[in-house]
Amino acid sequence: MAGLDRITGGIGRALTERSFRRFTLGNGIALIGYTMQRVAVAWLAWELTGSKSALGLLAFAELAPILFLAPLTGAIADRINPFTQFRIAQFLVLVHGVGLSILGFTGTISIEWLVAFQAFIGFVTSFSAPARMSLVSALVTTPNLSAAIALNALVFNISLVAGPLLMKPLLAVGGAHWAFVVHAFGFAVFNLMLIGVHPKAPERTAGARRGILRDVAAGMAYAARHATIGPLVALLVVTGLFARPILELLAAVSADMYGMAAEGFAVLSIAMGAGSVLGNLWLAHRGRLDGLAKIQSAVLLAMALSLAGLAVAPVFSVGVVFVAIVGMTLAANGIITQTLIQTTVDPALRGRVLSLFGMTVRGVPALGSLAAGIAADAFGLRAPVMVGAIVVLLAFAVFALRSRAIQRQAERAASESRP
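Reading guide: rules and limits
The residue numbering used here restarts from 1 in each chain and proceeds along that chain's sequence as written. Selection of residues for local features in this predicted model requires a pLDDT of at least 70, selection of side-chain atom pairs for listing and counting requires 80 or more, and totals for whole chains, interfaces and linings are taken over all residues. Based on all heavy atoms of the structure, the side-chain values leave hydrogens and waters out of the count. Only residues whose relative accessible area exceeds 30% and that form no salt bridge enter a patch; like-charged residues are grouped when within 9 Å of one another, and nonpolar side chains (Val, Leu, Ile, Met, Phe, Trp, Tyr) when within 5 Å. Shrake-Rupley sampling with a 1.4 Å probe provides the accessible areas, and residues are treated as covered by the protein chains on show and by no other component. For this document, the term salt bridge refers to a Lys or Arg side-chain nitrogen within 4 Å of an Asp or Glu carboxyl oxygen. His is not counted here, nor are the chain ends, while Lys and Arg score as positive and Asp and Glu score as negative. Think of each charge as sitting on NZ of Lys, CZ of Arg, CG of Asp or CD of Glu. Counting from the N terminus, the helices are DSSP H or I runs at least four residues long and the strands are E runs at least two residues long. Axis definition: a line fit to C-alpha positions, over the contact stretch in the case of helices; interaxial angles, taken between N-to-C directions, run 0 to 180 degrees. The cut-offs work like this: below 35 degrees is roughly parallel, past 145 is roughly antiparallel, 65 to 115 is roughly perpendicular, and the gaps in between are oblique. Residues count as neighbours in contact if any of their non-hydrogen atoms are within 4.5 Å of one another. All amino acids are sorted into three groups, where Ala, Val, Leu, Ile, Met, Phe, Trp, Tyr, Cys and Pro are nonpolar, Asp, Glu, Lys and Arg are charged, and the leftover types, Gly among them, are polar. Exposure is judged per residue with a 1.4 Å probe applied to protein chains only, and the accessible area is read against the type maximum: over 50% gives exposed, under 20% gives buried, and values in between give partly exposed.

A. The arrangement of a positive patch on the surface in detail. Where like charges cluster on the molecular surface, the positive patch consists of Lys294, Arg404, Arg408 and Arg412. Among the elements that make up the positive patch, the one with the highest residue count is helix α17 (residues 382–417) (three residues). Along the chain, arginine 412 turns up in helix α17.

B. Summary view of the packing of helix α3 (residues 52–63) against helix α16 (residues 350–379). Remark: α3 packs on α16, axes separated minimally by 8 Å, with the N-to-C direction vectors making an angle of 170°. As far as their axial angle goes, α16 and α3 are roughly antiparallel. Taken together, the residues of α16 that come into contact with α3 (itself represented by Lys52, Ser53, Gly56, Leu57, Ala59, Phe60, Glu62 and Leu63) are Arg362, Gly363, Pro365, Ala366, Leu367, Ser369, Leu370, Gly373, Ile374, Ala376 and Asp377. Among the residues forming the contact of α3 with α16, the class breakdown is 10 nonpolar, five polar and four charged.

C. The arrangement of the environment of arginine 352 in detail. Its place among the elements puts arginine 352 in helix α16. Distance in space between the C-alpha atoms of arginine 352 and alanine 376 is 35 Å, their sequence separation being 24 residues.

D. Structural context of the pattern of salt bridges. All chains considered together, the criterion is met by one salt bridge. Between arginine 38 and glutamate 62 there is a salt bridge whose closest N-O contact spans 3.1 Å. One end of the pair, arginine 38, is in helix α2 (residues 18–49); the other, glutamate 62, is in helix α3, with 24 residues separating them in the sequence. For glutamate 62, a relative accessible area of 4% puts it in the buried group.

Here you go:
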């Protein structure tokens with residue numbers, strides 16, 4: 001058993017918990033279809049418009065709702081059972097897949113419809129994001145939390161590889177609209193599997209119930225004052241604005257920087273996903289809290305250097321390598337940040353604080369993608385990528401000075417939470 005534990009590490013320990021194992025399997029099935037749908041939507045938008053600004057607008061439509069709704073949905077997650085909130089959202093994602101499938105088979109897809117449907121899924125994601133992140137801590141015990149967060153992200157990033165790989169034969173035998181059918185089917189399966197998931201009861205704030213807007217304000221004030229959570233959220237804002245938008249602009253990277261068509265876009269999507277998987281797999285196997293802040297500093301430096309490399313990469317094959325490294329560093333940065341936040345947050349405020357995390361991870365890149373798309377149309381794509389590299393490098397220099405204090409606080413909070 002000891003030998004098996006060395007091989008599987010934190011992954012094996014987290015998967016011994018039945019509800020988390022069932023959740024992870026169903027989530028993986030659903031996310032493959034979800035990722036195929038996102039690839040299909042992005043490529044259809046590029047075919048319909050040929051505009052980098054349109055790609056930025058599409059990303060903005062999907063990601064922007066969380067900027068406005070996340071604080072409210074986080075407060076809701078702290079008031080009701082987050083699992084109920086999450087299950088409602090997954091049914092609405094199923095509705096999204098069915099709606100896109102109808103558009104595809106009736107031949108009525110337009111850029112306006114694509115933007116509308118992505119805005120709808122953005123609304124649903126805003127509703128489910130704090131509940132989804134709260135669920136991870138409710139499905140595992142504290143010693144397995146770091147591995148579970150990394151494994152949850154690993155499943156998503158495996159789908160970033162599997163989705164583009166499956167899209168190629170799907171396009172050959174049918175069309176992009178079949179990705180919407182797979183998307184709907186995956187979430188139908190996930191909704192069924194959630195019936196057998198039984199999370200721990202959520203912790204509640206003692207005392208009188210305040211108005212929901214006061215709850216929202218209290219959560220934001222707590223995060224801003226917190227010595228660990230505040231700086232980590234600020235770091236996510238920087239990477240969300242200046243590094244993460246590259247993921248939404250891969251179709252333009254393929255066509256504009258290297259003159260490649262759909263096949264090049266698929267290769268870049270696979271490279272981005274493969275890099276993310278490697279980062280997730282390593283952190284999930286590691287499964288420990290110690291040293292995470294120091295690792296995050298190294299990740300930020302690698303992110304800045306890989307963005308700079310992509311900005312000047314002269315040929316497609318070199319660009320693919322740098323895209324993979326960007327994917328790995330973005331994934332690792334998100335996992336480490338969420339682990340440190342989940343470890344140090346007051347459980348009674350978990351939903352509200354995690355809603356800020358989700359708002360930053362998804363909503364801020366919406367603004368970054370829109371700005372990067374407009375800048376790329378005006379100056380070419382390499383310029384905003386290089387600007388992003390410089391800003392992330394500055395963020396690395398600032399964060400490195402605070403990493404030791406953040407690490408100490410996270411380890412102290414983890415030791416206090418153990419029975």
